[in-house]
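A structural walkthrough
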Amino acid sequence: MSSFSSESYFATQPPPPNLEESISGVRQFIDRHIQENRRIALVTSGGTTVPLELNVVRFLDNFSAGTRGATSAEYFLSHGYAVIFMHRQFSLQPFSRHYSHSTNPFLDFLEFKDSVDISVSPAEAPRLAEVLKSYKDVHTRGMLHTLTFVTINEYLYLLRAISNELSRAKRYALYYLAAAVSDFFLPTQKMSEHKIQSTKGSLQIEMDQVPKILKPMVNEWTPEAFIVSFKLETDDNLLIPKACAALERYGHQVVIGNELHRRKLEVVFVSRSSDGEGFQESWIRLKNDQSEIENEIVEELVKRHGEWINRKLEYIRFR
Ligand code: PAZ
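Positions within a chain are numbered from 1, following the residues in the order the chain's sequence is written. At least 70 in pLDDT is required for a residue's local features to be given in this predicted model, at least 80 for side-chain atom pairs to be given and counted, and no such filter applies to totals for whole chains, interfaces and linings, which use all residues.

The name that an unreviewed UniProt entry assigns to the protein chain is DNA/pantothenate metabolism flavoprotein C-terminal domain-containing protein, with the source organism given as Clathrus columnatus. Recorded in UniProt for the protein chain, the comment headed Sequence similarities (unreviewed entry) runs: "Belongs to the PPC synthetase family." UniProt positions are given in the numbering used here, feature names are shortened, and annotations may be inferred rather than shown by experiment.

Encoded structure:
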């Protein structure tokens, strides 16, 4: 297995065809919100795929439904952030997630009278009205910009291009990297052009390591931003050590650790201690009267981002 640096990755893997077009929309969105002195959050959400063929029939995928990202995006919006929501195509999205086809099919809440007269069932109307009001308000005010990816390659190219644009928001930018990103991929140079045939018996594929893009993100792409990454583990004992190792290696601000099965009930925030010598951890747990842990996660991050902005301003003042 070889491992790619971010430079060698972008030098050898082709960019997705519609990248420029996607980025020009993001650019306009960012410019407007910078002019209006607004904080901007980039939320990544859902899982990336790893295609196995150039004419792709088969691919590797992961479990992520995009719940964390879609839910958190709504809370960032409610705190006044402009949100760039970069998500896996067809994964959950802010607002519409409340009526996902599998858990809460919206057709079940409609009542049919005749072909021109359809209404929302009275029991569901207040809840739907609340979601609809927020959705309309966010869209009327242009607070949410949505982009999609499918493959790991699309994800990496989009993230780099958005970071380059968002770096203009400086300390007012917050990155919330909740997408479940593959650690391994198959470079295009090693992919079969056509569908892999079964006539050769068992299939052996050697994948390369995806470059660790947090490093250039922190050091080069967007050095003044407040960057939050997520760490998912299935072994509890690995959460804190892996989070500390990530902070040590990449030098960003917060790692939020979560265990696969308890991720909707508890998460741990790991960050550098104030003297910079060690690390501090604090747990957030879902309280009985709450339904979504993202409410607390985002509240805590908004507070920490505010402190980050103030510290940066003080540094500029006393320089
Ligand atoms: O999308 P979801 O709500 O089903 O899951 C969220 C999550 C577990 C993917 C996210 O909280 C996370 O940990 N993302 C980073 C995963 C990783 O690359 O370690």
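**Comments concerning the overall build of the protein chain**
What counts as a helix is a DSSP run of H or I of at least four residues, what counts as a strand is a run of E of at least two, and both are numbered from the N terminus. Check the secondary structure of the protein chain and you find eight helices and 14 strands. Residues with at least 20 neighbouring C-beta atoms inside 10 Å of their own are called buried, those with 12 or fewer are called exposed, and the rest are partly exposed, where every C-beta is derived from the backbone. For the protein chain, buried positions account for 33% of its 319 residues. We call two residues in contact whenever the C-beta atoms placed from their backbones are within 7 Å. Taking all contacts inside the protein chain whose residues are at least 6 apart in sequence as the whole, residues at least 24 apart take part in 71%.

**Some remarks on the confidence of the model for the protein chain**
Per-residue pLDDT for the protein chain averages 95, and the proportion of residues at 70 or more is 99%. The complex model carries a pTM of 0.96, and its ipTM stands at 0.99. By definition, pLDDT measures how confident the predictor is in each residue, and it falls between 0 and 100.

**Digging into the site of the ligand**
Neighbouring residues of the ligand: 13 residues in total, closest Ser-64, Thr-67, Arg-68, Phe-230 and Leu-232. Of all the secondary-structure elements, those providing two or more residues to the shell around the ligand are α3 (67–78) and β11 (226–233). Here the element with the most residues in the shell around the ligand is β11; it accounts for three residues. Classes in brief: Ala, Val, Leu, Ile, Met, Phe, Trp, Tyr, Cys and Pro nonpolar; Asp, Glu, Lys and Arg charged; the others, Gly included, polar. A breakdown of the residues in the shell around the ligand according to their chemical character gives six nonpolar, four polar and three charged. A residue counts as near a molecule or strand when its C-beta atom, positioned from the backbone, falls within 6 Å of it.

**What about the environment of Tyr-172?**
With respect to the helices, strands and loops of the structure, Tyr-172 is situated in the loop between α5 (152–166) and β8 (173–177). Taking the C-alpha atoms as reference points, Tyr-172 and Glu-224, separated by 52 residues in sequence, lie 8.4 Å from one another. Residues in contact with Tyr-172, not counting those within four places in the same chain, are Arg-39, Ile-40 and Ile-309.

**Thoughts on the UniProt feature "domain: DNA/pantothenate metabolism flavoprotein C-terminal" (unreviewed entry) in the protein chain**
When the UniProt feature table is mapped onto this chain, "domain: DNA/pantothenate metabolism flavoprotein C-terminal" (unreviewed entry) is found at residues 168–263. End C-alpha to end C-alpha, residues 168–263 measures 33 Å, and it is 24% helix and 24% strand.

**Let's talk about the packing of α3 against helix α8 (residues 293–317)**
Viewed as axis vectors pointing N to C, α3 and α8 meet at an angle of 55°, and their least axial separation amounts to 9 Å. With respect to each other, α3 and α8 are oriented oblique. Where α3 crosses over α8, the handedness of that crossing is right-handed. Along the contact surface, α3 presents Arg-68, Thr-71, Ser-72, Tyr-75 and Phe-76, while α8 presents Glu-294, Asn-295, Ile-297 and Val-298. Residues belonging to the contact of α3 with α8 are distributed by class as follows: four nonpolar, three polar and two charged. Between N-to-C directions, angles cover 0 to 180 degrees, with each direction set by a line fitted to C-alpha atoms, over the stretch in contact for helices. Every angle not falling under 35 degrees, over 145, or within 65 to 115 is termed oblique; those three ranges are roughly parallel, roughly antiparallel and roughly perpendicular. The sense of a crossing depends on the near helix, which, turned anticlockwise from the far helix by less than a right angle, makes the crossing left-handed and, turned clockwise, makes it right-handed.

**Considering helix α4 (residues 125–140)**
The terminal C-alpha atoms of α4 lie 22 Å apart, and with 16 residues this matches the ideal 22 Å at 1.5 Å per residue to within 8%. By the criterion of burial, α4 is predominantly exposed, with just zero of the 16 residues buried. Just downstream of α4, Gly-142 is the residue with a positive phi angle, here 65°. Working rule for helices: expected span equals 1.5 Å times residues minus one.

**Examining the nonpolar core**
A general feature of soluble globular proteins is that nonpolar side chains tend to end up buried together. Ranked by internal contacts, the top residues of the largest apolar core, which has 68 residues, are Ile-40, Val-43 and Val-83. It is α5 that provides the largest number of residues to this core, a total of nine residues. Buried Ala, Val, Leu, Ile, Met, Phe, Trp, Tyr and Cys residues whose C-beta atoms connect them within 7 Å together make up a nonpolar core.

**Quick look at the sheet that holds strand β7 (residues 144–149)**
Two strands pair under a simple rule: DSSP has to find at least two bridges between them. The eight strands lie next to each other as β7-β4-β1-β8-β11-β12-β13-β14, forming an open sheet whose pairing is mixed. Strand pairing shows two members of the sheet lacking a second neighbour, β7 and β14 (279–285), which therefore form its edges. Sheet twist, expressed as the average angle between the axes of neighbouring strands with direction ignored, equals 15°. The pairing of strand β4 (residues 82–88) with β7 spans six bridges and is parallel. What sits directly across from Arg-88, in β7, is Phe-149. Docked against the sheet, α8 engages β8, β11, β12 (254–259), β13 (266–272) and β14, running at close to 145° with respect to β14.

**So, the pairing of β8**
Across the five residues that make up β8, a large majority, five, are buried. Judged by which residues are buried, β8 turns out to be covered on both faces: Ala-173, Tyr-175 and Leu-177 on one side and Leu-174 and Tyr-176 on the other are all buried. Looking at chain direction, strand β1 (residues 40–45) and β8 are connected through five bridges and run parallel. Residue pairing in the sheet places Ile-40 in a bridge with Ala-173 of β8. Two strands pair when backbone bridges link them, and β8 and β11 are joined in this way by four bridges, in the parallel orientation. Across the sheet, residue Leu-174 finds its bridge partner in β11, namely Phe-226.

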